[in-house]
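Examination of the molecular architecture
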Amino acid sequence: MAATTVLEKATNIPSEHSLKHIYTTRQCSESFSTDSGEMQEFVVDFLGKEVGSDLKALKNVGELLEKLSEENNALEEQVLTVSSSVPPKVSAALSAAEEARCSLQDLLQREQLISNTLHQHLQEAQPWMDNLSQTLNQVDTIERHMKYLRCLQHVEELSDTIQQCLMTSSIWEAIRAVDSMAALDAGLDHSGCSHLQDFLRETLHFWHKIIKYRLSSDFEEVLTQLHWPIISPPTQSLTPTATCQETNTQLDLLVAQLLALQTSDDLISQRALPSGQGVPSTQPVSSAGPSSQVPPLRLPIQIMLVPLSRRFRYHFFGNRQTNSLSKPEWYLTQVLMWMGNNATFMEEKIQPILDRAGAAISARVELCRGLLSLVQEKVASDASKLLYDDALFCHLVEEVLQFEKELRSNHSYPAALPGLLHLLLEDAVLQKWLTVEKKVAVEKMDAMLSAEGAWSSQYKDISDVDELKAPDCAETFMTLLQVITERYRALPCPSAQLKFLALQKELVDDFRIRLTQVMKEESRCPLSARYCAILNAVNYISTILTDWGDNVFFLQLQQAAVSLGDETLQGLGVMEVGRLASLEGSLFEGLLALLDRLKGDMMGRLLDWTMREITGKAKPYCHDRWLSVPSQYDQTIMSLSSSACPMMQCVSDRLLNLHQVLSFSLFQLAWQGLAERLDNFLYQEVILSNHFSDGGAAQLQFDMTRNLFPLFGHYCKRPENFFKQVKEAYIILCLNVGSAILLRNLLKESEEESRNYGGMGDPLPESALNELGVYCLAPCDVLILLNLRASLPVH
């Protein structure tokens with residue numbers, strides 16, 4: 001330390017304390033705030049880094065001091081420069097703010113002055129404004145009066161024009177004037193000038209009536225010359241000749257003029273309906289039909305319908321004998337005849353005129369629509385009178401359905417236009433229809449089940465046709481349901497169709513219950529013809545309903561039921577409704593489940609009864625002395641065991657009987673179920689209950705392969721596949737002694753390994769059994785069979 005001090009003095013180098021002061025000053029100028037301990041450590045570290053422990057490096061300390069001094073001076077100058085520049089900027093900002101405040105105050109004062117001046121001006125101008133407003137109101141009133149008078153004058157001018165045109169026979173100008181008057185009437189709808197409107201409408205109605213009467217008279221005269229209406233079928237062509245050319249020209253002109261008068265006629269008709277006034281009109285009106293959905297008939301068609309309407313009302317609305325509630329076919333057939341007889345006239349005479357006039361309508365359809373309105377009125381009237389007479393009501397419904405069918409097919413009446421079916425959808429009529437439909441169906445069910453040939457098939461002698469072997473009662477019942485479907489298929493309302501579908505499902509369930517009751521009476525003898533006929537009936541109904549579930553019509557009803565949330569879906573879960581919506585399910589699923597349960601129960605009873613009979617015949621075969629049967633090599637020719645003959649005969653007879661009385665699909669289930677039961681019986685009662693010699697095993701194999709299996713071979717190619725236990729059992733019993741011993745040893749070793757290793761045995765036994773053709777029997781069952789062989793030594 002003393003040496004360091006001496007060196008410092010000799011070289012005029014500041015001491016460590018001087019350096020600390022310098023760096024402290026530098027740190028303060030750079031705005032660093034550290035305590036003295038940290039500063040000392042910083043200085044010591046700085047000197048150690050710059051000078052180090054080499055004393056020779058102390059000669060550079062002077063340069064370091066100069067460098068630090070220069071940096072310190074630069075920092076001081078920067079601080080002084082910043083400090084000197086801040087006050088002028090702040091002062092300038094304050095001055096600008098003061099100027100803005102003064103300017104704002106000045107603007108506020110000017111605004112207040114202008115506001116006061118404006119308020120004073122408004123007060124001075126208020127009397128002028130009041131006077132001007134009063135003057136403007138007077139002008140407006142005068143102007144409205146002028147418009148009112150001008151409108152009134154225009155109406156008078158139009159009226160005078162029409163009068164002059166009629167006097168000079170200028171019909172087209174008169175029609176145009178009437179159209180202008182109608183347009184003026186439409187423009188005054190929201191004006192509030194009720195008296196002017198009444199005057200205008202009365203004037204319009206007056207002139208329209210006159211023009212329409214004149215045109216109608218001329219038109220009716222021309223139609224008379226053309227022999228309209230055509231009551232009976234036309235016998236000659238309507239092709240124009242030279243003599244009737246003038247009549248056709250006049251017809252063309254009158255139809256065009258009547259079409260031009262259509263606008264005012266529609267307007268007058270619309271005004272007359274709300275007011276309840278009986279405005280004369282040749283257009284038939286039906287309160288039962290959805291008239292608001294279709295446009296009114298064109299004027300020429302209305303006039304052409306007048307004589308037909310007069311005839312219809314004379315014959316079918318008065319006291320004539322033709323007006324009979326029991327004979328709706330009279331007026332329905334008459335209207336269809338009129339449509340057919342006059343179709344050619346409408347197409348050849350009227351349609352070209354409509355096309356030239358730009359009227360996008362069909363003359364034939366318009367005629368049908370006008371005649372149909374008469375029928376709608378008549379049917380609505382008759383239906384309400386027949387609600388308490390089931391027979392006449394049924395007859396009316398049948399005739400209406402037939403009329404609708406002919407109207408749509410023979411007369412090409414558009415499906416978009418209403419016919420007569422909507423009349424049957426009235427609540428009272430529809431409910432009556434459903435009630436009568438159910439009543440008639442139940443009566444027919446009682447009759448068909450009690451008929452003499454109810455349980456016999458009408459196609460029993462034709463094997464190609466009678467695959468389902470459905471009894472007559474089942475076929476009649478499904479035909480009844482099909483007829484009901486055809487009746488309600490054409491209804492325009494899905495909700496009404498769903499009501500009929502619910503009725504059909506109710507009838508099917510009722511018929512199923514009746515079949516169940518008859519089945520219980522016949523269950524004492526399931527092999528009887530009636531019992532099998534009931535089973536065929538259940539299968540037939542189930543098959544038909546399954547086909548209906550895939551039918552387009554019922555799929556559409558299914559979608560409608562889901563979208564409408566129909567009551568037929570009540571009680572179903574979300575999953576079931578979802579399946580119906582995705583068309584995975586069917587509306588008949590519930591009924592099909594009940595029918596399948598009944599079919600399964602009846603099939604089980606049938607097979608159980610058959611097996612009881614077969615097992616009774618098989619008792620001698622079960623107790624046969626299989627140990628004493630000689631070897632096949634000691635027999636010249638092998639033959640069926642005598643004890644098996646009754647059993648085989650019984651199986652053969654029952655198969656033949658079931659094949660004759662059951663439908664194809666049911667017989668397939670029957671013989672397969674019988675084979676399964678017989679396989680279990682033979683395996684349990686014959687094979688496992690006896691011991692076999694080599695001859696006995698060979699005899700068993702012969703009985704099965706050459707006698708039993710061929711009985712089922714008539715109905716399948718490989719009947720042994722339906723007797724897997726018996727087949728595999730005689731394979732094991734007929735193995736030669738050496739192979740049997742090796743197999744038994746292998747199975748026992750595998751069993752011991754499985755027992756020792758907790759079930760993780762080698763799959764070698766299964767492989768060995770598969771090589772022998774044994775796939776169904778387990779290794780433990782094979783061991784039992786091997787132990788039944790008398791030829792194997794005791795192990």
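An account of the accompanying structure is given in this report. None of the values given here were measured: they were computed from a predicted structure.

**Focus: the pattern of salt bridges**
Under the counting rule described, the total for this entry stands at 28 salt bridges. The partner of Arg-201 in a salt bridge is Asp-185, with the nearest N and O atoms 3.2 Å apart. Separated by 16 residues along the polypeptide, Arg-201 in helix 6 (residues 194-225) and Asp-185 in helix 5 (residues 171-187) bring together distant segments of the chain. Since its relative accessible area comes to 26%, Arg-201 is described here as partly exposed. The exposure class assigned to Asp-185 is buried, which follows from its relative accessible area of 1%.

**Some remarks on unusual backbone geometry**
The amide bond that connects Trp-228 to the next residue, Pro-229, takes the cis arrangement and shows omega of 0 degrees. Along the chain, Pro-229 falls in the loop between helix 6 and helix 7 (245-260). With a phi close to 60 degrees, Ser-169 is a non-glycine residue in the positive phi region. Taking relative accessible area as the criterion, Ser-169 reaches 53% and is therefore assigned exposed.

**As for the packing of helix 12 (residues 390-410) against helix 13 (residues 427-450)**
Two elements in contact, helix 12 and helix 13, have axes whose closest approach is 10 Å; the angle formed by their N-to-C orientations is 105 degrees. As judged from the angle between their axes, helix 12 and helix 13 are roughly perpendicular. For the pair helix 12 and helix 13, contact is made by Asp-390, Phe-393, Cys-394, Val-397 and Leu-401 and by Val-429, Lys-432, Trp-433, Val-436 and Lys-439, respectively. Here the residues of the contact of helix 12 with helix 13 sort into 7 nonpolar, no polar and 3 charged.

**A look at a nonpolar patch on the surface**
On the surface, Ile-142, Met-146, Tyr-148 and Leu-149 cluster together into a nonpolar patch covering about 370 Å² of accessible area. Counting through the fold element by element, Leu-149 comes out in helix 4 (residues 61-167).

**Observations regarding helix 14 (residues 472-489)**
In this model helix 14 runs 25 Å from its N-terminal to its C-terminal C-alpha over 18 residues, within 8% of the 26 Å that 1.5 Å per residue would give. Of the residues making up helix 14, those classed as buried are Cys-473, Ala-474, Glu-475, Phe-477, Met-478, Leu-480, Leu-481, Ile-484, Thr-485, Arg-487 and Tyr-488. Close packing links the buried residues of helix 14 with helix 12, helix 13, helix 15 (494-522), helix 16 (529-549) and helix 17 (552-564).

The rules we used
- Residues numbered from 1 in each chain as written.
- Predicted model: local features only at pLDDT ≥ 70, side-chain atom pairs only at ≥ 80, totals over all residues.
- Heavy atoms only, no water.
- Salt bridge = Lys/Arg side-chain N within 4 Å of Asp/Glu carboxyl O.
- Helix = DSSP H or I, 4+ residues; strand = E, 2+ residues; numbered from the N terminus.
- Buried < 20%, exposed > 50% of the residue type's maximum accessible area, 1.4 Å probe, protein only.
- Axes fitted to C-alpha atoms, helices over the stretch in contact; angles between N-to-C directions.
- Parallel < 35°, antiparallel > 145°, perpendicular 65-115°, else oblique.
- Contact = heavy atoms within 4.5 Å.
- Nonpolar A, V, L, I, M, F, W, Y, C, P; charged D, E, K, R; others polar.
- Patch = residues over 30% accessible without salt bridge, like charges linked within 9 Å, V, L, I, M, F, W, Y side chains within 5 Å.
- Areas by Shrake-Rupley, 256 points an atom, 1.4 Å probe, with all protein chains shown as cover.
- Expected span 1.5 Å × (residues − 1).

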